[in-house]
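The primary structure of each chain is shown beneath.
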Amino acid sequence: MEELKQCRLQQRNISATVDKLMLCLPVLEMYSKLRDQMKTKRHYPALKTLEHLEHTYLPQVSHYRFCKVMVDNIPKLREEIKDVSMSDLKDFLESIRKHSDKIGETAMKQVPGAQDLVDFSPVYRCLHIYSVLGARETFENYYRKQRRKQARLVLQPPSNMHETLDGYRKYFNQIVGFFVVEDHILHTTQGLVNRAYIDELWEMALSKTIAALRTHSSYCSDPNLVLDLKNLIVLFADTLQVYGFPVNQLFDMLLEIRDQYSETLLKKWSGIFRNILDSDNYSPIPVTSEEIYKKVVGQFPFQDTELEKQPFPKKFPFSEFVPKVYNQIKEFIYACLKFSEDLHLSSTEVDDMIRKSTNLLLTRTLSSSLQNVIKRKNIGLTELVQIIINTTHLEKSCKYLEEFITNITNVLPEIVHTTKLYGTTTFKDARHAAEEEIYTNLNQKIDQFLQLADYDWMTGDLGNKASDYLVDLIAFLRSTFAVFTHLPGKVAQTACMSACKHLATSLMQLLLEAEVRQLTLGALQQFNLDVRECEQFARSGPVPGFQEDTLQLAFIDLRQLLDLFLQWDWSTYLADYGQPTCKYLRVNPVTALTLLEKMKDTSRKNNMFAQFRKNERDKQKLIDTVAKQLRGLISSHHS
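Residues numbered from 1 in each chain as written. Predicted model: local features only at pLDDT ≥ 70, side-chain atom pairs only at ≥ 80, totals over all residues. Heavy atoms only, no water.

Engineer: What is the right way to look at the overall build of the chain in this model?
Structural biologist: Looking only at helices and strands, one finds 23 helices and two strands in the chain. Relative to the globule expectation of 26 Å for 639 residues, the C-alpha radius of gyration of the chain, 50 Å, shows a markedly less compact shape. In terms of its C-alpha atoms, the chain occupies a principal-axis envelope of roughly 200 × 60 × 40 Å. Residues classed as buried in the chain amount to 47% of the 639 residues present. Carbon together with sulfur atoms contributes 50% to the accessible area of the chain, which is approximately 33300 Å² in total. Once the 79 positive and 79 negative side-chain charges of the chain are each reduced to a mean point, those two points are 4 Å apart. (Helix = DSSP H or I, 4+ residues; strand = E, 2+ residues; numbered from the N terminus. Rg over C-alpha atoms; globule rule 2.2 N^0.38 Å. Buried < 20%, exposed > 50% of the residue type's maximum accessible area, 1.4 Å probe, protein only. Areas by Shrake-Rupley, 256 points an atom, 1.4 Å probe, with all protein chains shown as cover. Lys, Arg positive; Asp, Glu negative; His and termini not counted. Charge placed at Lys NZ, Arg CZ, Asp CG, Glu CD.)

Engineer: Just checking my understanding: could you explain the state of the cysteines for this structure?
Structural biologist: By definition, a disulfide is the covalent link that joins the sulfur atoms of two cysteine residues. Applying the stated criterion across every chain, the model contains zero disulfides. As a non-bridged cysteine, Cys496 has Cys500 as the owner of its nearest cysteine sulfur, 4.5 Å distant. (Disulfide = S-S within 2.5 Å.)

Engineer: Quick question: what am I supposed to make of the environment of Leu595 here?
Structural biologist: Along the chain, Leu595 turns up in helix α22 (residues 589-598). Note on Leu595: relative accessible area 0%, which makes it buried. Expressed as a C-alpha distance, the spacing of Leu595 and Leu519, which sit 76 residues apart in the sequence, is 8.4 Å. Ignoring any residue separated from it by four or fewer positions in sequence, one finds Leu595 in contact with Leu511, Leu512, Leu519, Leu524, Leu561 and Phe565. (Contact = heavy atoms within 4.5 Å.)

Engineer: Quick question: what am I supposed to make of the packing of aromatic side chains here?
Structural biologist: Between two aromatic rings, the relevant description is the distance of the centres plus the angle of the planes. By the definition in use, this model includes 32 aromatic pairs. Their ring planes at 70° and their centres at 6.0 Å tell us that Tyr282 and Phe321 sit as a pair that is edge-to-face. A residue pair is termed long-range when its members are at least 10 positions apart, and Tyr282 in the loop between α9 (248-279) and β1 (286-287) and Phe321 in helix α12 (residues 321-340) qualify at 39 residues. Across the pair, Phe321 and Tyr282 agree in class, each one buried. With 5.4 Å between their ring centres and 85° between their planes, Phe481 and Phe484 make a pair best called edge-to-face. With a relative accessible area of 3%, Phe481 lands in the buried category. Ring pairing ties together the aromatic residues Tyr293, Phe300, Phe302, Phe316, Phe318 and Tyr326, which thus form one cluster. (Phe/Tyr/Trp six-rings, centres within 6.5 Å; stacked < 30°, edge-to-face > 60°.)

Engineer: How should I be thinking about the environment of Phe179 in this particular structure?
Structural biologist: The residue Phe179 is located in helix α6 (residues 165-188) in this model. Considering only alpha carbons, one finds Phe179 and Leu524, 345 residues apart in sequence, at a separation of 96 Å. When residues no more than four places from it in sequence are discounted, the contact partners of Phe179 are Ile198, Leu201, Trp202, Ala205, Leu240 and Phe245.

Engineer: Looking at this structure, how should I read the nonpolar core?
Structural biologist: Generally speaking, nonpolar side chains in soluble globular proteins are found buried as a group. Core analysis: the biggest nonpolar cluster contains 205 residues, and Phe172, Ile438, Leu477, Phe481, Phe527, Phe565 and Trp570 have the highest contact counts within it. Not counting residues up to four positions away in its chain, the partners in contact with Ile438 are Leu381, Leu384, Val385, Ile388, Phe484 and Ala495. (Core = buried A, V, L, I, M, F, W, Y, C linked by side-chain atoms within 4.5 Å.)

Engineer: I would appreciate a short explanation of the pattern of salt bridges in the present structure.
Structural biologist: Any two side chains of opposite charge can pair, given that their charged atoms come close. Considering all chains together, one arrives at 22 salt bridges under this definition. One continuous salt-bridge network, built from bridges that share partners, spans Asp351, Arg355 and Glu402. (Salt bridge = Lys/Arg side-chain N within 4 Å of Asp/Glu carboxyl O.)

Engineer: Please clarify how the confidence of the model for the chain should be interpreted in this entry.
Structural biologist: One rule of thumb: low pLDDT means the predicted coordinates there are not for detailed reading. Per-residue confidence for the chain averages 87 on the pLDDT scale, and 95% of its residues sit at or above 70. Contacts for the low-pLDDT stretch residues 607-616, under 50 throughout, to residues beyond four places or in other chains number 21 contacts. (pLDDT = per-residue confidence, 0-100.)

Engineer: How should a nonpolar patch on the surface be read in this particular structure?
Structural biologist: Among the surface-exposed residues, Ile14, Val18, Leu21, Met22, Leu25 and Leu28 lie close enough to one another that they form a single nonpolar patch of about 550 Å² accessible area. Counting through the fold element by element, Met22 comes out in helix α1 (residues 2-39). (Patch = residues over 30% accessible without salt bridge, like charges linked within 9 Å, V, L, I, M, F, W, Y side chains within 5 Å.)

Engineer: For this particular structure, what's the right way to read the packing of helix α3 (residues 65-108) against helix α5 (residues 136-154)?
Structural biologist: In a packed pair of helices, the relevant descriptors are the angle between the two axes and the axis-to-axis distance. Put simply, α3 and α5 touch, their axes get as near as 11 Å, and they point 25° apart. Accordingly, the angle class assigned to the pair α3 and α5 is roughly parallel. The handedness of the crossing between α3 and α5 comes out as right-handed. Where α3 approaches α5, its residues Met86, Leu89, Lys90, Leu93, Glu94, Ile96 and Arg97 are matched on the opposing element by Phe139, Tyr142, Tyr143, Gln146, Arg147 and Gln150. (Axes fitted to C-alpha atoms, helices over the stretch in contact; angles between N-to-C directions. Parallel < 35°, antiparallel > 145°, perpendicular 65-115°, else oblique. Left-handed = near helix turned anticlockwise from the far one by under 90°.)

Engineer: What's the story with unusual backbone geometry in this structure? I'm lost.
Structural biologist: Only a minority of non-glycine residues have a phi that is not negative, and only a minority of peptide bonds are not trans. The linkage connecting Phe312 with the following residue, Pro313, adopts the cis geometry, with an omega of 0°. If you trace the backbone, Pro313 turns up in the loop between α11 (305-309) and β2 (314-315). One non-glycine residue, Asp342, lies in the positive phi region at around 65°. For Asp342, the location among the structural elements is in the loop between α12 and α13 (347-374). For Asp342, a relative accessible area of 52% gives the class exposed. Backbone geometry at His344 places phi at a positive 60°, although glycine is not the residue there. Structurally, the position occupied by His344 is in the loop between α12 and α13. Judged by its relative accessible area of 58%, His344 falls in the exposed class.

Engineer: Which parts of the structure should I look at to understand the side chain of Gln150?
Structural biologist: As for its placement among the helices and strands, Gln150 is situated in helix α5. Reaching out from Gln150, the side chain makes a polar contact with the side chain of Arg147 at a distance of 2.6 Å. With sequence-adjacent residues up to four places away left out, Gln150 is seen in contact with Leu93, Glu94, Ile96, Arg97 and Phe178. (Polar contact = N/O pair within 3.5 Å; in protein donor to acceptor, adjacent residues only side chain to side chain.)

Engineer: Could you clarify how one ought to interpret the packing of α1 against helix α2 (residues 43-57) in this entry?
Structural biologist: Contact pair α1 / α2: the axes reach a minimum separation of 8 Å and the direction vectors enclose 160°. Regarding the angle of α1 to α2, the classification is roughly antiparallel. As α1 packs across α2, the resulting crossing turns out to be left-handed. Where α1 approaches α2, its residues Pro26, Val27, Met30, Tyr31, Lys33, Leu34, Gln37 and Met38 are matched on the opposing element by His43, Pro45, Ala46, Thr49, Leu50, Leu53 and Tyr57. Its residues assigned to classes, the contact of α1 with α2 shows eleven nonpolar, three polar and one charged. (Nonpolar A, V, L, I, M, F, W, Y, C, P; charged D, E, K, R; others polar.)

Engineer: Mind showing me how you'd approach the side chain of Ser357 here?
Structural biologist: Tracing the chain through its elements places Ser357 in helix α13. Take Ser357: its relative accessible area is 9%, and that puts it in the buried class. Within polar-contact distance, the side chain of Ser357 engages the side chain of Ser262 at 3.5 Å. What Ser357 contacts, discounting residues up to four positions off in sequence, is Ser262, Leu266, Phe332 and Cys336.

The following block contains the structure:
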């Protein structure tokens, strides 16, 4: 009985133990499963297992010591899951920072699904884990803080970004990649990021991007790079607009870059114009065949029925730089048009932009290039004459440039108030500058000849021909004015009159200069022969269009002064002085007195004239008397 009793007790104990073990085994199995999940980094299922273990299984066996150990270990396991999932999140953040360039590149190609390049599961898992653990807010704050830091890094451009287009492209790709990721997070998680957070980030990105572009684009001097940059910015803006980001400020900034693009174009064309003008031969274009004639007319709008009728060979009136400059102006207009593409501008705005830029090209760049050529030290009269002819033809072509712009923008001037081209003003200013330079150049040439004058002011001999230097000077003037045949009549006449006036004034100064202290009537007679040579040149009509003796009037002061002295007609001069009909109206008494003073001490050498065929004393007395009367005239005139 004792054995039976003992046996039953054992059976009951075994049965109880089995029952207790049956309760404990699932706990141990669940715990084992939890460890396996932790090892394989399946943190979210591990967290679910932990919840079952804590709330379902452990309460059934809570009185065992091993259960107490497990219960005490649960908070540590939770922290371990949090730490590991956070580590995964950090790896994810590092990964998208590195790969945002690739993500952005794919998005910029307008290929759908750029976000598919990224495995977002670490974010989702971590979000779930922190939500389950009641630390969602902590997770959200951490994620946003880290992404803001990354945004600032992404928005920091490399210092050499402006050197190549690839520098800009990589910068844009990273920014696009960043916001593609954030947009996807916004739409696939419930509140991890919200619209306000995205808008705040975008505002920061927009301001920093625009500031960076303003700075770096200002270093660029290559218009082709600026144009490529503009196309890249348009693609950048269009891509982000697809994702719902406002990009109006980027297009506004493009209008600023447009001004810079215009400046780089102007610099480029300044070099182009300089090369054209420097390499030109400033000679009319020769034409030997119909093919060449049509080629030139195809490059530049020119019509001349008389020239068309002439047989070959013949010449266009302008030189090579006319069609070359005209075509380069058109190329500039095309370059301006390229920038306006895809900027969402109206045709009127495009037309206005092109016209304003073209006006800058004409009034600043081309005008400066022409002025530089005109002001060159070694510029010759032939070149200046050709420049006047060239600018005249370019001025006439301005209406064709107006039509050219109208045709490419489809904006009719009669319908919309458009900006007019200032080409006419540019070419007129250049022509006037060339005209002034011709007058100055001619005067300088005259001065060079006059420096060769070598008068013997004390000679007693009578000459019978004009001085060699003056004969050469007149020959130079004749050949020069022969080149002026293609110039507008007024220019040629003004140049001729200016030259004659300058020659007359210079001769007068030569006669009266202080270094000439004494002179004889013989020297005056030689001087008279030179003035007669000048008058003969004026009478010959070197330039058509002058009325009667208009050109001779340039020498009237000299003529009257010389006649007065050579004819010794003082009685007439003194009697008629001040009368409108005075024979010597152009003779100033101060000038006459100055010349008379020079003749005081040379009376011995003046005896070949009838007026001086008296004794020496009478001759000197006569000069003193005339001088006294002249001083009286001067004194009364001043009072």
